[in-house]
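What follows is the residue order along each chain.
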Amino acid sequence: ITLFIPLLIVAQSGKSESKIVNFSKKRAVEKIPDLSDKAVKIDTDIPINKKKFSNRIALVIGNENYSNFQKGGSNIDVDYAKNDAKVFATYCKKTLGFEEDNVFTLINATSAQMNSAIVKVKNLMKIIGKDVEVIFYYAGHGLPDEKEDEAYIIPIDVEGVYLPAAIKLSFLYEQLTANKSKKVTVFLDACFSGGAREQGLIAARGIKHTTQSTYMKGNIVVFSASSGTQSALPWKEKQHGM
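Residues numbered from 1 in each chain as written. Predicted model: local features only at pLDDT ≥ 70, side-chain atom pairs only at ≥ 80, totals over all residues. Heavy atoms only, no water.

Looking at the pattern of salt bridges
Link 1 in the chain: The final tally for this structure, using the stated rule, is 3 salt bridges.
Link 2 in the chain: Residue Lys93 is joined to Glu100 by a salt bridge in which the shortest nitrogen-to-oxygen separation is 3.3 Å.
Link 3 in the chain: According to the relative accessible area criterion, Glu100 is exposed, its value standing at 54%.
Link 4 in the chain: Three or more residues are tied together by salt bridges with common partners; here these are Arg56, Glu133 and Lys182. (Salt bridge = Lys/Arg side-chain N within 4 Å of Asp/Glu carboxyl O. Buried < 20%, exposed > 50% of the residue type's maximum accessible area, 1.4 Å probe, protein only.)

What follows is the structure, given as structure tokens:
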């Protein structure tokens, strides 16, 4: 989560198309610094912001233990997704000014839990009104549907071979932009191309296939851990997704 800016997808209200900015291409000539020996303490050195904003809502999901939930299933675990989600939720509360009751955290969430939470956030956005600011964070599996050319985020009780019970990114974006808002920010620490986490699907956050960019509208910005042809990788030394 400390190096989480390779791809940015932006859709502004009133415009008919999304803009994709791939930072990895612009910075291809720059050398990536070696941080393995540095004291990067993202779990402990968390800045404290005493100011709170009642108009901010966060939904944070970390899906890691797929194999434990699906006995004999086809999905594999996502290393450190639980750590990613818990620490991100902590930053929302301590640094970004979110009130405790406005940060909803799901660890190893089922399809019913994820759908219910997304709709709940949508309804809260309507209640708060046009000044609402929302953050959606997801760490876990991302999968494509080759026939529909759709990207999905995967609950722990949904196998990769049966996607109808998973969450379409298009559905997620529709719910988060159904009501007028000041700002919606989405973080996706998953890959949708099938790029592996070092050891094929054993450590991956996706399965092989490339989907088209999902159409968005409204005041929404999406940060994705990878493009449609890249992988989301772990940082084992820090026990987080990179």
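So that's the structure; there's more coming.
Observations regarding the sheet that holds strand E8 (residues 167-168)
For sheets, the rule is that strands pair by backbone hydrogen bonds, running either parallel or antiparallel.
Link 1 in the chain: Taken in spatial order, the 3 strands line up as E6-E7-E8 in an open sheet, and their pairing is antiparallel. On the outer flanks of this sheet lie strand E6 (142-145) and E8, each paired with one strand and no other.
Link 2 in the chain: Both strand E7 (residues 150-153) and E8 contribute to a ladder of 2 bridges, which runs antiparallel. Each residue of the ladder has a partner; that of Ile153, found in E8, is Ile167. (Pairing = 2+ DSSP bridges. Helix = DSSP H or I, 4+ residues; strand = E, 2+ residues; numbered from the N terminus.)

Observations regarding the packing of helix H4 (residues 111-128) against helix H5 (residues 169-176)
Link 1 in the chain: Packing of H4 against H5 brings their axes to within 9 Å, and their N-to-C directions diverge by 25°. Taken together, H4 and H5 sit at an angle that is classed as roughly parallel. On H5, the residues that touch Asn115, Ile118, Val119, Val121, Lys122 and Met125 of H4 are Phe171, Leu172, Gln175 and Leu176.
Link 2 in the chain: Considering only residue class, the contact of H4 with H5 consists of 7 nonpolar, 2 polar and 1 charged. (Axes fitted to C-alpha atoms, helices over the stretch in contact; angles between N-to-C directions. Parallel < 35°, antiparallel > 145°, perpendicular 65-115°, else oblique. Contact = heavy atoms within 4.5 Å. Nonpolar A, V, L, I, M, F, W, Y, C, P; charged D, E, K, R; others polar.)

Re H4
Link 1 in the chain: Given a rise of 1.5 Å per residue, 18 residues ought to cover 26 Å, and the 26 Å separating the end C-alpha atoms of H4 matches this to within 8%.
Link 2 in the chain: Those residues of H4 not exposed but buried are Ser111, Met114, Ala117, Ile118, Val121 and Met125. Looking down the long axis of H4, one finds its buried residues gathered within 140° of arc, a one-sided arrangement. Facing away from the buried side of H4 by more than 90 degrees, the exposed set consists of Ala112, Lys126 and Ile127.
Link 3 in the chain: Remark: Gly129 follows H4 within two positions and exhibits a positive phi of approximately 100°. (Expected span 1.5 Å × (residues − 1). Arc of directions from axis to C-beta.)

Overview of the environment of Asn49
Link 1 in the chain: Structurally, Asn49 is set in the loop between helix H1 (23-26) and strand E3 (56-62).
Link 2 in the chain: Residues Asn49 and Tyr91 lie 42 residues apart in sequence; the distance between their C-alpha atoms is 9.6 Å.
Link 3 in the chain: Beyond its immediate sequence surroundings of up to four residues, Asn49 is in contact with Lys94, Thr95, Leu96 and Gly97.
Link 4 in the chain: Separated by 3.3 Å, the side chain of Asn49 and the backbone oxygen of Thr95 make a polar contact. (Polar contact = N/O pair within 3.5 Å; in protein donor to acceptor, adjacent residues only side chain to side chain.)

Observations concerning helix H3 (residues 81-94)
Link 1 in the chain: Here H3 spans 20 Å end to end across 14 residues, near enough to the 20 Å set by a 1.5 Å rise per residue.
Link 2 in the chain: For H3, every residue scored as buried is listed here: Ala81, Asp84, Ala85, Val87, Phe88, Ala89 and Cys92.
Link 3 in the chain: Those residues of H3 that are buried lie in contact with E3, strand E4 (103-107), strand E5 (133-139), strand E9 (183-189) and strand E12 (240-241).

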